[in-house]
Amino acid sequence: MKSSSTYDSDVLSMLCKNRMSYIIFSRQYELIEFSKNIPKLADDESRVVCGVDVREAFWAFVGVEREMMTLFDRCEDTIKLPMISKKNIYYDIEIGVIKSPKKQEVFIAYITAKSDLLHKYTEVVQSVNQKTLSHRHEKDRTKSNFDIINEHLITFHIDQQGVLTEANRACQQFLGISENDIIGFHYSEFFYTRSNDITSDSERMLHAKSGMGEEVFFHAVVIPVKRNDIVCESILICQDVTYLKRVEKELEHAADHDYLTGLPNRSLLCKQINAAITEDDHNGSIFGVCFIDLDDFKPVNDTFGHHVGDMLLRHIASILNDFVRKMDTVARFGGDEFVILFRDIKTEEYLQTLVKRVEQLPMKYPFKNGKGITIEFGFSIGCSYYPKHGRNTTVLINYADKAMYKNKKRALEGVKQTV
Amino acid sequence: MFSYKIVILGDFGVGKTSLIRRFVDNTFSEDYLSTIGATISKKNIVSSDGTHSIMMIWDTEGRTEHNSFLKQYLNGSKAYVIVADSTRQDTVASLNHHIKMCQSIILDAPIYVAINKSDLESDFMIQRDEVKALSPYIRHVYLTSAKTGDTVNTIFNDINTAVVSG
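Caption draft 1: Structural view of the overall build of chain A. Across its full length, chain A holds 12 helices and 18 strands. Counting all 419 residues of chain A, 42% fall into the buried class. Counting only contacts in chain A whose residues sit at least 6 apart along the sequence, the fraction spanning at least 24 positions is 49%. For chain A, the accessible area works out to roughly 23,900 Å², and carbon and sulfur atoms hold 52% of it.

This is the structure in structure tokens:
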């Protein structure tokens, strides 16, 4: 056992000169004596008063009472509490036991304020910590961005033979199978393309069926991975372009169809007639072109407005479309003119029968506007037969058109003839 | 009046100081200034049964490779609050390290785990049961937000109730 030293006021004042402050307090933690600068270091300056519990002034003593009591048993020389900070001051506390002039053992706590140099050092440490944390946040953010991309962008690796060597999470989720069921198979088991030599291109269109059975189109970027200057594998990053395919189809449809009625337009009609000429030449059958002009359409627009005129055109498109066979084509030729291409007509008489039925459609299906008013309408019709009236599209249409005008004129004069 | 010490520890940048500032002063700052050494805060608490007590909260420097003082701060604590950041998986992974350190000083001291920054979106799930299973001395695992104040008072009041009654 070591004996405690008796405190000497000269020694204590020397401690103060060396930036070391002290507090002396009893076993009951009553403050006995302290150096001049102690109040500045205390957590609660107002409690630095002799007789007051030292723990009210210095909060660091709370909780270490049991350990402090061991000092009297000389188990330890001192208890150290390093780098306690209060505002911008850092200090070390070292608690020991000392004998008072009355030969009583009391506690003495040496409090050493850290030098300004240390203060600067802590500022550097704080700055480093701050940068480390912001760097870590940035790293986490980047990592999480890559994770998000990885979840949505299908990526897979193939070797030079096109065998899958790696597939990311998005790829597995899309195909609805695990990586084990993908790796080792040729990519064409899952992704279809026109050419199987996928590695020679920098980009490629692919399509594939998802695990849910949905057909999806991809634009794939092919990135060659080189080792020792030799391409050893390729990474394919696939972007879903199904919507672009849909847009493409919509544009194709819009180019060949009338926006108001949805019927094929003149351009598509001509293509269909051209196709019919080619096919019917081959199999020896005939077809008819039926030119329909809406009678007295202008007064409808003038009386009820263009909106009602448009509704009437849609109505006509609908009844004509319902009337024809699947093989036939109803087209809006322009304005209030429609053309029906009747395919595979066995006889001219049969076409005459069909035309008569078309003529009766306005009576069978009258048009009522939104206000319930019946708007009467009628057709003037002219027809041409292939090959009797012409061997090309323009001639056939012109013939039917002229026949229609003749009929319109005769109808006004009271006589009607279809062809 | 009954005074006691508790220690807050955890990786750096998890929001230990912010939790204390929210509880002691009801303030919050987005600015980050890392704690060096230890800072002691005092909070007078009145329990629901009217008992007055003083909690001395030791805010410690976040775990770094060079923090050699931490063990010296852990002595005499009535409870430990170990804090992790809900948005940083590494801070949750190092909870076990902090638990072991606390238990090396006081084996049976109650441990309260605060998964802080619950106001932020996280890209990983924290299973509170899995965290609690790390030690039989973990009393509770809280999801806290020093920014919004969510569950901050609860965690300290729970500690106070347990310390005062125990």
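After that view of the structure, there is still more to cover.
Caption draft 2: Looking closely at a nonpolar patch on the surface. Among the surface-exposed residues, Tyr243(A), Leu244(A), Val247(A) and Leu251(A) lie close enough to one another that they form a single nonpolar patch of about 400 Å² accessible area. With respect to the secondary-structure elements, Leu244(A) resides in helix H7 (residues 242-256).

Caption draft 3: Seen up close, the side chain of Glu337(A). The topology assignment puts Glu337(A) in strand S15 (residues 337-345). This buried residue, Glu337(A), is left without a salt bridge; Arg266(A) holds the nearest opposite charge, at 5.4 Å.

Caption draft 4: Here's a closer look at the interface of chain A and chain B. The interface is formed by 25 residues belonging to chain A together with 28 residues belonging to chain B. The junction of chain A with chain B conceals about 2,400 Å² of combined surface from both sides, 62% of it contributed by carbon and sulfur atoms. On the chain A side of the contact with chain B, Trp59(A), Val62(A) and Leu133(A) bury the most area, a combined 24% of that side's loss. At the boundary of chain A and chain B, one finds 0 salt bridges. Of all the secondary structure elements, the ones that give two or more residues to the side of chain A that touches chain B are strand S4 (79-86) and helix H5 (116-152) of chain A.

Caption draft 5: Examining the sheet that holds strand S10 (residues 203-209) of chain A more closely. Residues and elements named next belong to chain A. Within the open sheet, the 6 strands sit side by side as S8-S7-S12-S11-S10-S9. Their pairing is antiparallel. Each edge of the open sheet carries a strand with a single partner, namely strand S8 (164-167) and strand S9 (191-192). Against the sheet, H7 makes contact with S10, strand S11 (215-227) and strand S12 (230-240), and its axis sits at roughly 130 degrees relative to S11, the strand it touches most.

Caption draft 6: Up close: the layout of surface pockets. Approximately 1,200 Å³ is the volume found for the largest pocket. In this structure, the largest pocket is lined by 50 residues; those nearest its centre are Thr17(B), Ser18(B), Asp31(B), Tyr32(B) and Leu33(B). Those elements that provide at least two residues to the lining of the largest pocket are S4 and H5 of chain A together with helix H1 (16-24), strand S2 (38-46) and strand S3 (52-60) of chain B. Looking at the lining of the largest pocket element by element, the count peaks at 9 residues for H5(A). Its residues assigned to classes, the lining of the largest pocket shows 13 nonpolar, 23 polar and 14 charged.

Caption draft 7: Seen up close, the environment of Tyr350(A). Residues and elements named next belong to chain A. Relative to the assigned elements, Tyr350 resides in helix H11 (residues 348-364). Since its relative accessible area comes to 33%, Tyr350 is described here as partly exposed. Once you skip the residues sitting within four places of it in the chain, Tyr350 turns out to touch Arg325 and Ile345.

Caption draft 8: Spotlight on the state of the cysteines. The final tally for this structure, using the stated rule, is 0 disulfides over all chains. You can see Cys171(A) has no disulfide; the closest cysteine sulfur is in Cys238(A), sitting 7.2 Å from it.

Caption draft 9: How the structure looks around helix H6 (residues 152-165) of chain B. Residue and element names in this part refer to chain B. Compared with an ideal rise of 1.5 Å per residue, which puts 14 residues at 20 Å, H6 spans 20 Å between its outermost C-alpha atoms and is within 8% of the ideal. Buried within H6 we find Val152, Ile155, Phe156, Ile159, Asn160 and Val163. Down the axis of H6, the sector holding all buried residues measures 130 degrees, keeping them to one side.

Caption draft 10: Expanded view of the sheet that holds S15(A). All names here are of chain A. Spatial strand order, S14-S15-S13-S18: 4 strands in an open sheet with antiparallel pairing. Whereas interior strands pair on both sides, the edge strands pair on one side only; in this sheet they are strand S14 (329-334) and strand S18 (378-386). The mean inter-strand angle of the sheet, taken between neighbouring strand axes irrespective of direction, is 25 degrees. Where H11 meets the sheet, its contacts fall on strand S13 (286-295), S15 and S18, and the angle it forms with S18 comes to roughly 165 degrees.

Caption draft 11: Region of interest: the pairing of S3(B). Residue and element names in this part refer to chain B. Burial analysis of S3 places 8 of its 9 residues in the buried class, the great majority of the element. As judged from the 7 bridges shared by strand S1 (residues 2-10) and S3, these two strands associate in the parallel manner. If you follow Ile6 over to S3, its bridge partner there is Ile57. Hairpin remark: S2 followed by S3, antiparallel, with 5 residues in the connecting loop; positive phi at Gly50, about 90 degrees.

Caption draft 12: Representation of the environment of Gly390(A) in the model. Here Gly390(A) is to be found in the loop between S18 and helix H12 (393-413). Beyond its immediate chain neighbours, meaning those up to four positions away, Gly390(A) contacts Tyr385(A), Val395(A) and Leu396(A).

Caption draft 13: Structural view of the packing of helix H9 (residues 297-304) of chain A against helix H10 (residues 306-323) of chain A. Residues and elements named next belong to chain A. One can describe the packing of H9 onto H10 by two numbers: an axis separation of 6 Å at closest approach and a directional angle of 140 degrees. By the angle between their axes, H9 is oblique relative to H10. Within the contact between the two elements, H9 uses Phe297, Val300, Asn301 and Phe304 and H10 uses His306, Val308, Gly309, Leu312 and Leu313. A breakdown of the residues in the contact of H9 with H10 according to their chemical character gives 6 nonpolar, 3 polar and no charged.

Caption draft 14: Expanded view of the pattern of salt bridges. Here the structure, examined in full by the defined rule, presents 18 salt bridges over all chains. A salt bridge links Asp53(A) to Arg55(A); its shortest N-O distance comes to 2.8 Å. One salt bridge connects Asp293(A) with Lys408(A), and the closest N-O pair in it is separated by 2.6 Å. Of this pair, Asp293(A) sits in strand S13 while Lys408(A) sits in helix H12, placing them 115 residues apart in sequence. Classification of Asp293(A) as buried rests on a relative accessible area of 7%. Accessibility expressed as a relative area gives 18% for Lys408(A), which makes it buried. Here the salt bridges share partners, and the residues they tie into one network are Asp85(B), Arg88(B), Asp90(B) and Lys117(B).

Cut-offs used in this document
- Residues numbered from 1 in each chain as written.
- Chains lettered and ligands numbered in written order.
- Predicted model: local features only at pLDDT ≥ 70, side-chain atom pairs only at ≥ 80, totals over all residues.
- Heavy atoms only, no water.
- Helix = DSSP H or I, 4+ residues; strand = E, 2+ residues; numbered from the N terminus.
- Buried < 20%, exposed > 50% of the residue type's maximum accessible area, 1.4 Å probe, protein only.
- Contact = heavy atoms within 4.5 Å.
- Areas by Shrake-Rupley, 256 points an atom, 1.4 Å probe, with all protein chains shown as cover.
- Patch = residues over 30% accessible without salt bridge, like charges linked within 9 Å, V, L, I, M, F, W, Y side chains within 5 Å.
- Salt bridge = Lys/Arg side-chain N within 4 Å of Asp/Glu carboxyl O.
- Lys, Arg positive; Asp, Glu negative; His and termini not counted.
- Buried area = accessible area lost by both parts, 1.4 Å probe.
- Pairing = 2+ DSSP bridges.
- Axes fitted to C-alpha atoms, helices over the stretch in contact; angles between N-to-C directions.
- 1 Å grid on protein atoms, 1.4 Å probe; cavity = no way out; pocket = protein on both sides within 12 Å on 5 of 7 lines; lining within 4 Å.
- Points joined across faces, edges and corners; volume = space filled by probe spheres on them.
- Nonpolar A, V, L, I, M, F, W, Y, C, P; charged D, E, K, R; others polar.
- Disulfide = S-S within 2.5 Å.
- Expected span 1.5 Å × (residues − 1).
- Arc of directions from axis to C-beta.
- Parallel < 35°, antiparallel > 145°, perpendicular 65-115°, else oblique.

Bear in mind that shape data such as this cannot, by itself, settle questions of function.
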